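Summary of the model geometry
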Amino acid sequence: MLPGGAWGKRKPRGRRLGWVRSDARGTMWARQEGLHHPHPHTVVRCPSSSSSSVSCSGDSEEEDMGLLEVSVTDIKPPAPELGPMPDGLSPQQVVRRHILGSIVQSEGSYVESLKRVLQDYRNPLMEMEPKVLSARKCQVVFFRVKEILHCHSMFQIALSSRVAEWDSTEKIGDLFVASFSKSMVLDVYSDYVNNFTNAMSIIKKACLTKPAFLEFLKRRQVCSPDRVTLYGLMVKPIQRFPQFILLLQDMLKNTPRGHPDRLSLQLALTELETLAEKLNEQKRLADQVAEIQQLTKSVSDRSSLNKLLTSGQRQLLLCETLTETVYGDRGQLIKSKERRVFLLNDMLVCANINFKGQLEISSLVPLGPKYVVKWNTALPQVQVVEVGQDGGSYDKDNVLIQHAGTKKASAAGQAQSKVYFGPPRLFQELQDLQKDLAVIEQITFLISTLHGTYQNLNMTVAQDWCLALQRLMRVKEEEIHSANKCRLRLLLPGKPDKSGRPISFMVVFITPNPLSKISWVNRLHLAKIGLREENQPGWLCPDEDKKSRAPFWCPILVCCIPAFSPRGLSLQLGALVHSPVSCPLLGFSAVSTSLPQGYLWVGGGQEGAGGQVEIFSLNRPSPRTVKSFPLAAPVLCMEYIPEPEEGESGDESHVAAEPSAAVHPTICLGLQDGSILVYGSVDTGTQCLATSRSPGLQPVLCLRHSPFHLFAGLQDGTVAAYPRTSGGVPWDLESPPVCLTVGPGPVRTLLSLEDAVWASCGPRVTVLDATSLQTQQSFEAHQDEAVSVTHMVKAGSGVWMAFSSGSSIRLFHTETLEHLQEINIATRTTFLLPGQKHLCVTSLLICQGLLWVGTDQGVIVLLPVPRLEGIPKITGKGMVSLNGHCGPVAFLAVATSVLAPDILRSDQEEAEGPRAEEDKPDGQAHEPPPASRVGRELTRKKGILLQYRLRSTAHLPGPLLSVREPAPADGSALEHSEEDGSIYEMADDPDVWVRGRPCARDAHRKEICSVAIISGGQGYRNFGSASGGSGRPAPCGETDSALLIWQVPLTL
């Protein structure tokens, strides 16, 4: 904050919006930030520490802003314009100019939209007599719009100067960093986003109670050139940063390495993504509070549910409108009605929806429903009943199928269970088709007995009829399977009968789409696990006064299991990899509750006692051992090798000509005696395909692969490179490898990047060309010669490193090798380990925007990092797990499974044999369909970050904001989906957001991504309990090797 004496007195001069700067420092400040204004009338603001909350009292709005305004003159600054395109530009330079033009045009249109909000709505409403909206409510509705306009006006001014000098400098990234890294921008946008729901609520109430206000909004919309409503204008700030991120991603994609703008663009992406994530989190919390408040209004003040909802201990995990259906004994539909279902962290609430008000208002502002609570029940008592599970999951005699308006149980239990296998209407239509087919077959037989020849009455026509009916029957069967995938059946506890016998009742909901059902089953499953003692709490935030985090918004500890079979519990852990299955083994419903499909390979051993590999199946909610085999020496490292991508294999024609020689996924093991073993995956029988010995029989400390080589880091400072072959074994292990000496000490870790391999030896890291194997350069990652680089993980355009001593981790740029950041882990663990001065990092992992750090004290720390192509700097607050190990965290690994919903098995197949293949690890699996290449590493999702669920806009007539195609209103899907301000496609005019075809950025939305994180170490320890152990019995001793498995909600 600048000294108070630098600011002049407040005077009414021209169109004054705030305070006026009396000296020349304002212009200097603007120039330093890259925001120089060509006109002397501009005066900048600086942030204040005053509260950012909305005040409903006081003389003016400015007194509550905590921000100083710029005076706006009548002279408009010149619009940024690109000059004529110079000759001799490269194709990338031409594309960059076009993207810059899109940024300029989009920003100009955005600024004009903000001005329209003030000039066409706020100012007339403030000046109108008699007032249709009080000045106080106007301040709330348009809170922070002026400040947002100011931020972007200053950005637009700076953009003008960059555009003018573009052809000589070609730099734009540093301008975004300077403009949007200030806390002022976050504060202003946070206030706006948090106030948005409140503002829409005021507008809605005014529309319902004041006809003059409604008429004003209609008139303004009709007079506007593009017919955009006030709501359409005010939602644009929520969408602004996702649009910026997309444009900068495209700019970075067309900026070559070595370009002066490249690092700035990566830093800009980091700043914008961090800003967007913070806004997204605040919006989520604000919407959660608003939704619970709306639900609380429908409950009596004296009820126990009201006390639970107002206690402040409830988190809203999922909220959606589902269609409840009730069928009769014969399968006839008795009734169906839309319900609002709320999944809280410890209870499930179902409410009736009651819309009141004029429908015409909904085209101007979203109308929220009112709720009437129908039932609520504690989460542990809710049971999901899937098709095919009816036999053993519950006692049919005690189940009461709920009927409309009746409470009596029917004795026809067997008949009723059949009702729920699919919609009765579809079953009736299928039966009708079957009857018609039988009649047509009789007609066909009769036609075959005719002696004469008649037009349109011959065997060809009759056979066409049969084929057509068979096709219709297949379509109907697919519709039935699809409808089952939208059918959510919940078994809930009811009141006991007169004899005291507990009675349960079944509620059947139809979800909007199959992914919605998977989401509900998955979140119900994880929410129950989140209620276990070890997850209450599971994580603490040391930066927030040791505040515990809600379990569901952190990784949830699912299980703790022994790493080896009982006879091998004393073995030390070496490494772990996840081997995804090559085709889906699970049915549509089982994928919601299982860990990521595939198998965990755990390797370890003991000096002098050999090694061992334990294989666990993850195709169930908890892992189980499927195979174990001994080895001659301890396992030090492992590497999973997926099938080669198209174009990676050296001789594609040879592979195509010999299908038997096709390369399947393999697992490579490095042993202490210098052996390198290649095993087939569980799908192909886990046989040992090849063995080799390292040069000089040096212990193999680390393994990494690239498209063309398998790299082994050895004890003597050598990297051995084995070339890829086109046979059944992916690597040539028989010929002597190419040996590259990188230093005198052991090669502790390797990292494979797109076109390079990083190898560490002592404190130095050597960068090797992945194809030619030539040394490109090397750099010193630590100043102490006695320290070694032990771990390297990549995210975006950066690499995080851990060292053999010390509690710090460091970030380096992948292109310039510049040291960008250093974080001390010990500062986050002192409250868990009082008096512990020396801490060492023993493992690193980056997954889904989180950097996992394992320590030698068994503590695991989580730090948020950006997910996109920017620099993975740590800017947020970290979390510390209260669940850890008794000794060092030996490794952290991730298990991911990516499935497309359309390749999951149908419910019918699942009922017949849900896990038939999983129990046969040594058998051959099905030939996978071409589309099910699910063994790939989970790719980083690129696209839009802010996925705001606008709470009060569902189920309304009128066009949706989302570009997703509207769901067909055929009874199996709801007519309207929630508005989602996250997917937009630009037309020629960057300000026109249109319904469009799914683009590449949206492709990942059609996948189900399951993720689990596994840590390995000695024993299990709960740091939160006074005794040091959890209330639940630990599955293994303190010195036994154990695996902890965390899960996060499915990404749909």
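Worth saying up front: this structure is predicted, and the values here are computed from it rather than measured. Position numbers for residues count from 1 along each chain, tracking the sequence in the order it is written. Local features are withheld for residues below a pLDDT of 70 in this predicted model, meaning they are given only at 70 or higher, and side-chain atom pairs are given and counted only at 80 or more; totals for whole chains, interfaces and linings count all residues. Derived side-chain values reflect all non-hydrogen atoms in the structure, with water molecules and hydrogen atoms excluded from consideration.

A separate point is the overall build of the protein. Across its full length, the protein carries 18 helices and 42 strands. Remark: exposure states derive from per-residue accessible area (1.4 Å probe, protein chains only) relative to the maximum for the residue type, with buried under 20%, exposed over 50%, and partly exposed in between. Here the protein holds 1052 residues, and 55% of them are scored as buried. Only heavy atoms matter for contacts: two residues are in contact if any of them lie within 4.5 Å across the pair. Restricting the contact set of the protein to residue pairs at least 6 apart, pairs at least 24 apart contribute 67%. The method behind every accessible area is Shrake-Rupley, applied with a 1.4 Å probe, and residues are considered shielded solely by the protein chains displayed. Accessible area of the protein: about 45700 Å², with a carbon and sulfur share of 52%. Think of it this way: any DSSP run of H or I at least four residues long counts as a helix, any run of E at least two long counts as a strand, and we number them from the N terminus.

Okay, the pairing of strand β14 (residues 610-617) next. The element β14 is largely enclosed, with a buried count of 8 among its 8 residues. Burial of β14 is two-sided: the residues Gly 610, Gln 612, Glu 614 and Phe 616 facing one way and the residues Gly 611, Val 613, Ile 615 and Ser 617 facing the other way are all buried. The rule for pairing is simple: two strands pair if DSSP sees at least two bridges between them. Both strand β13 (residues 599-606) and β14 contribute to a ladder of 8 bridges, which runs antiparallel. Along β14, the bridge assignment pairs Val 602 with Glu 614. Sheet topology note: the β14/strand β15 (residues 624-631) ladder contains 7 bridges and is antiparallel. Bridge pairing in β15 links Ser 617 to Arg 624. Joining the antiparallel neighbours β14 and β15 is a turn of 6 residues.

On to the sheet that holds strand β22 (residues 718-723), then. By way of backbone hydrogen bonds, the strands of a sheet pair with one another, either parallel or antiparallel. The strand order across the open sheet built from 4 strands is β20-β21-β22-β23, with neighbouring strands paired in antiparallel fashion. The open sheet has two free edges, formed respectively by β20 (700-705) and β23 (738-741), since each of these has just one partner strand. Between one strand axis and the next, the sheet turns through 20° on average, direction left out of account. When β22 meets β23, the two strands line up antiparallel, connected through 4 bridges. The residue of β23 that forms the bridge with Ala 720 is Cys 739. The convention used is that axes are lines fitted to C-alpha atoms, helices contributing only their stretch in contact, and that angles between N-to-C directions extend from 0 to 180 degrees.

We now examine the environment of Leu 175. With respect to the helices and strands, the residue Leu 175 is situated in helix α6 (residues 173-180). A relative accessible area of 1% places Leu 175 in the buried class. As for Leu 175 and Phe 155, which are separated by 20 residues in sequence, their C-alpha atoms are 8.2 Å apart.

What follows deals with the confidence of the model for the protein. pLDDT measures how confident the predictor is about each residue, on a scale from 0 to 100. Summarising the model, the protein shows a mean pLDDT of 75, and 70% of its residues fall at 70 or more. The low-confidence segment residues 905-1005, where pLDDT is below 50, has 248 contacts with residues more than four positions distant or belonging to other chains. For the stretch residues 1027-1033, pLDDT sits under 50, and the model shows 11 contacts to residues farther than four places along the chain or on other chains.

Whenever Lys or Arg places a side-chain nitrogen within 4 Å of a carboxyl oxygen from Asp or Glu, that contact is recorded as a salt bridge. A full pass over the atoms with the stated rule returns 19 salt bridges. The shortest N-O distance in the salt bridge between Glu 815 and Arg 262 comes to 2.7 Å. In this pair, Glu 815 is assigned in the loop between β30 (808-813) and β31 (819-824) and Arg 262 in helix α11 (residues 262-296), connecting sequence segments 553 residues apart. For Arg 262, a relative accessible area of 15% corresponds to the buried category. Arg 704 is the salt-bridge partner of Glu 639, the closest N and O atoms lying 3.4 Å from each other. Within this pair, whereas Glu 639 is found in strand β16 (residues 635-641), its partner Arg 704 is found in strand β20, the two being separated by 65 residues in sequence.

For an α-helix the count is 3.6 residues per turn, leaving residues at separations of three or four pointing the same way. For helix α16 (residues 514-530), built from 17 residues, the straight-helix expectation of 24 Å at 1.5 Å per residue is met to within 8% by its first-to-last C-alpha distance of 24 Å. Counting buried positions over the 17 residues of α16 gives 15, a clear majority of the element. One less than the number of residues in a helix, times 1.5 Å, gives the span that helix is expected to have.

Taken N-terminus to C-terminus, the directions of α6 and α11 make an angle of 30°; their axes are 7 Å apart at the nearest point. The orientation of α6 with respect to α11, classified from their angle, is roughly parallel. Here α6 and α11 pass one another in a crossing that is left-handed. Where α6 abuts α11, its residues Gly 173, Asp 174, Phe 176, Val 177 and Phe 180 lie against Ser 264, Leu 265, Leu 267, Ala 268, Glu 271, Leu 272 and Leu 275. Taken together, the residues of the contact of α6 with α11 break down into 8 nonpolar, 2 polar and 2 charged. Geometric relationships in this document are graded by angle, where less than 35 degrees denotes roughly parallel, more than 145 denotes roughly antiparallel, 65 to 115 denotes roughly perpendicular, and other angles denote oblique. Handedness of a crossing follows from how the near helix is turned relative to the far one, being left-handed for an anticlockwise turn of less than a right angle and right-handed for a clockwise one. Three classes are used: nonpolar for Ala, Val, Leu, Ile, Met, Phe, Trp, Tyr, Cys and Pro, charged for Asp, Glu, Lys and Arg, and polar for all others, with Gly counted as polar.

Another aspect to go through is the packing of helix α7 (residues 183-209) against α11. Close contact between α7 and α11 brings their axes to 9 Å; oriented N to C, the two are set at 25°. Accordingly, the angle class assigned to the pair α7 and α11 is roughly parallel. Our pair here, α7 against α11, has a crossing hand that is right-handed. Between α7 and α11, the residues in contact are Val 185, Leu 186, Tyr 189, Ser 190, Val 193, Asn 194, Phe 196 and Thr 197 and Leu 275, Lys 278, Leu 279, Gln 282, Lys 283, Ala 286, Asp 287 and Ala 290, respectively. Class assignment of the residues belonging to the contact of α7 with α11 gives a composition of 9 nonpolar, 4 polar and 3 charged.

Our next topic: the environment of Ala 438. Examined against the element boundaries, Ala 438 turns out to sit in helix α14 (residues 424-448). Sequence spacing of Ala 438 and Cys 466 is 28 residues, and the spatial spacing of their C-alpha atoms is 9.2 Å.

Another aspect to go through is unusual backbone geometry. Each neighbour pair has its own omega, and for Glu 129 with Pro 130 the value is -10°, a cis peptide bond. With respect to the element layout, Pro 130 can be found in the loop between α2 (91-127) and α3 (135-141). Of note, the amide linkage connecting Gln 536 to Pro 537 takes the cis form, showing an omega dihedral of -10°. Along the chain, the position of Pro 537 falls in the loop between α16 and β9 (539-541).

This part takes up the nonpolar core. We call a set of buried residues a nonpolar core when its members are Ala, Val, Leu, Ile, Met, Phe, Trp, Tyr or Cys and they connect through side-chain atoms within 4.5 Å of each other. Counting 69 residues, the largest nonpolar core has Phe 142, Ile 172, Phe 176, Ile 203, Phe 213, Met 234 and Phe 241 as its most contacted members. The element that contributes the greatest number of residues to this core is α7, accounting for 14 residues. Dropping the residues within four chain positions of it, Met 234 is found in contact with Val 117, Val 141, Phe 142, Tyr 192, Phe 196, Met 200 and Ile 203. Within the second largest apolar cluster, 27 residues are counted, among which are Leu 832, Val 859, Ile 871 and Leu 882.

If you walk across this open sheet you meet the 4 strands as β11-β42-β40-β37, and the pairing is antiparallel. Only two strands of the sheet have a single partner each, and these edge strands are β11 (556-562) and β37 (889-899). Ignoring strand direction, the axes of neighbouring strands in this sheet form an average angle of 20°. In terms of strand pairing, strand β40 (residues 1008-1018) meets strand β42 (residues 1041-1047) through 7 bridges, oriented antiparallel. In the sheet register, Gly 1016 faces β42, and the bridge partner there is Leu 1043. Packing of α16 onto the sheet brings it into contact with β11, β40 and β42, and relative to β11 it is tilted by some 65°.

What follows concerns the packing of aromatic side chains. To pair, rings of Phe, Tyr and Trp, with the six-membered ring standing in for Trp, must have centres within 6.5 Å; the planes then decide the type, stacked if under 30 degrees apart, edge-to-face if over 60, and tilted in the middle. Under the criterion given, the structure shown has 21 aromatic pairs. When the ring of Phe 176 is compared with that of Phe 244, the centres are 5.1 Å apart and the planes differ by 85°; the resulting orientation is edge-to-face. With Phe 176 in helix α6 and Phe 244 in helix α10 (residues 236-253), this pair connects stretches of sequence that are 68 residues apart. Of the two residues examined, Phe 176 and Phe 244, each falls in the buried class.

We call a pair of cysteine sulfur atoms a disulfide whenever their separation is within 2.5 Å. The final tally for this structure, using the stated rule, is 0 disulfides. Just so you know, Cys 541 is unpaired, no disulfide at all, and the nearest cysteine sulfur is the one on Cys 554, 6.8 Å from it.

So, on to the pairing of strand β24 (residues 747-752). Sheet topology note: the β24/strand β25 (residues 756-761) ladder contains 4 bridges and is antiparallel. Along β25, the bridge assignment pairs Val 747 with Cys 761. Between the end of β24 and the start of β25, which pair antiparallel, lie 3 residues.

Further remarks concern a positive patch on the surface. Residues Arg 136, Lys 137, Lys 205, Lys 210, Lys 297 and Lys 370 make up a contiguous surface patch of positive charge. In this fold, Lys 297 is placed in the loop between α11 and α12 (304-309). To count toward a patch, a residue needs a relative accessible area over 30% and no salt bridge; like charges are then connected within 9 Å, while nonpolar side chains (Val, Leu, Ile, Met, Phe, Trp, Tyr) are connected within 5 Å. In this tally, Asp and Glu contribute negative charge and Lys and Arg positive charge; neither His nor the terminal groups of the chain are included. Every charge is mapped onto a representative atom, which is NZ of Lys, CZ of Arg, CG of Asp or CD of Glu.

This part takes up the environment of Leu 768. Turning to its location among the elements, Leu 768 is positioned in strand β26 (residues 764-769). The buried category is assigned to Leu 768, whose relative accessible area is 1%. Note: C-alpha distance between Leu 768 and Trp 758 (10 residues apart in sequence) is 6.2 Å. Contacts of Leu 768, omitting those with residues within four sequence positions, involve Leu 740, Asp 755, Ala 756, Val 757, Gln 774, Thr 775 and Gln 776.

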